[in-house]
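Chains, contacts and geometry: an overview
These are the residues of each chain, in order.
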Amino acid sequence: MKKPTDEEIEMLDVVMAMRECRPEVARFAREMERVLRRNDHKGGWEDCDLEYLESRLTEEIEEYKDVEPDKTYFNAIKQEEIIDVANFCMMIFEYWSNHKEVSR
């Protein structure tokens, strides 16, 4: 039997963690990941500074609020925008997880 790769072990950890989540949290996380993967061509956020991430979060919140209710796919558009908001929140959470010192 071959030894699992680090990536395979990490994926197993993710699967196990998702099984312990509420179904709503797991579904939301899957949607966040789907959107992140769709945007992989843009590069990562790990090297972005806090000011940039916060300004993008503000922009995404405004985009969410500006969705017109009379659009054909109103609910789907609102959901896409709130996932964008959540992803920027996650990025800022990760920023603070990796920058324990005050950076302002």
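The preceding data block contains the structure.
Residues numbered from 1 in each chain as written. Predicted model: local features only at pLDDT ≥ 70, side-chain atom pairs only at ≥ 80, totals over all residues. Heavy atoms only, no water.

Some remarks on the packing of helix α3 (residues 50-66) against helix α4 (residues 74-98)
Applied cut-off: With axes taken as lines fitted to C-alpha atoms, and helix axes fitted only over the stretch in contact, angles between N-to-C directions fall between 0 and 180 degrees. Numbering of helices and strands starts at the N terminus; helices are DSSP runs of H or I of at least 4 residues and strands are runs of E of at least 2. With respect to orientation, any angle under 35 degrees is reported as roughly parallel, any angle over 145 as roughly antiparallel, any angle of 65 to 115 as roughly perpendicular, and every other angle as oblique. When the near helix sits turned anticlockwise from the far one by under a right angle, the crossing is termed left-handed; a clockwise turn instead gives a right-handed crossing. When checking whether two residues touch, look at their non-hydrogen atoms; a contact exists if any pair is within 4.5 Å. The classification used treats Ala, Val, Leu, Ile, Met, Phe, Trp, Tyr, Cys and Pro as nonpolar, Asp, Glu, Lys and Arg as charged, and all other residues, Gly among them, as polar.
The N-to-C vectors of α3 and α4 enclose an angle of 160°; their axes lie 9 Å apart at closest approach. In terms of orientation, α3 lies roughly antiparallel with respect to α4. The crossing of α3 and α4 is left-handed. Counted together, Leu-50, Leu-53, Glu-54, Arg-56, Leu-57, Glu-60, Ile-61, Glu-63, Tyr-64 and Lys-65 of α3 and Lys-78, Glu-81, Ile-82, Asp-84, Val-85, Phe-88, Cys-89, Met-91, Ile-92, Tyr-95 and Trp-96 of α4 form the full contact between these two elements. Partitioned by chemical class, the residues of the contact of α3 with α4 number 13 nonpolar, no polar and 8 charged.

Looking at α4
Spacing of three or four residues puts side chains on the same side of an α-helix, whose turn is 3.6 residues. Note the cut-off: Expected helix span is given by 1.5 Å per residue-to-residue step, counting one fewer step than there are residues. Exposure categories follow from relative accessible area, calculated using a 1.4 Å probe and restricted to protein chains: below 20% of the type maximum is buried, above 50% is exposed, and the middle band is partly exposed.
Between its first and last C-alpha, α4 extends 36 Å over 25 residues, near the 36 Å set by a 1.5 Å rise per residue. Of the positions making up α4, those classed as buried are Lys-78, Glu-81, Ile-83, Asp-84, Val-85, Ala-86, Asn-87, Phe-88, Met-91, Ile-92 and Tyr-95. Tucked inside the fold, the buried residues of α4 contact α2 (23-38) and α3.

A few points about the packing of aromatic side chains
The cut-off we apply is this: Working definition: a ring pair exists when centres of Phe, Tyr or Trp rings (six-membered ring for Trp) sit within 6.5 Å. Plane angles under 30 degrees give stacked, over 60 give edge-to-face, the rest tilted.
Under the criterion given, the structure shown has 1 aromatic pair. A centroid spacing of 5.2 Å and a plane angle of 90° characterise the contact between Tyr-95 and Trp-96, whose relative ring orientation is edge-to-face. Of the residues examined, Tyr-95 reaches a relative accessible area of 10% and is grouped as buried. Look at Trp-96 and you get partly exposed, because its relative accessible area is 34%.

A closer look at the nonpolar core
Keep this limit in mind: Remark: nonpolar core denotes a set of buried residues (Ala, Val, Leu, Ile, Met, Phe, Trp, Tyr, Cys) joined through side-chain atoms within 4.5 Å.
If you look at the biggest cluster of nonpolar residues, it comprises 9 residues: Leu-36, Leu-50, Leu-53, Leu-57, Val-85, Phe-88, Met-91, Ile-92 and Tyr-95. Top element by residues in this core is α4. It accounts for 5 residues.

Quick look at the environment of Ala-29
Secondary-structure assignment places Ala-29 in helix α2. Look at Ala-29 and you get partly exposed, because its relative accessible area is 27%. Through-space distance from the C-alpha of Ala-29 to that of Ile-83 is 9.0 Å; in sequence the pair is 54 residues apart.

Here we look at the pattern of salt bridges
Heads up, the condition is: For salt bridges, the criterion is a side-chain nitrogen of Lys or Arg within 4 Å of an Asp or Glu carboxyl oxygen.
One pass over the full model with this rule turns up 7 salt bridges. The salt bridge involving Arg-56 is made with Glu-59; its shortest N-O contact spans 2.6 Å. On the criterion of helical spacing, the pair formed by Arg-56 and Glu-59 is a turn pair, its members being 3 residues apart in helix α3. Where Arg-56 meets Glu-60, a salt bridge forms, and the shortest distance between an N and an O atom there is 2.8 Å. Of this pair, Arg-56 and Glu-60 both sit in helix α3, 4 residues apart, which is roughly one turn of that helix. Among the residues examined, Glu-60 registers a relative accessible area of 4% and is labelled buried. Through salt bridges with shared partners, a single ionic network connects Glu-31, Arg-34, Arg-38 and Glu-80.

This is a description of form; function is not addressed.
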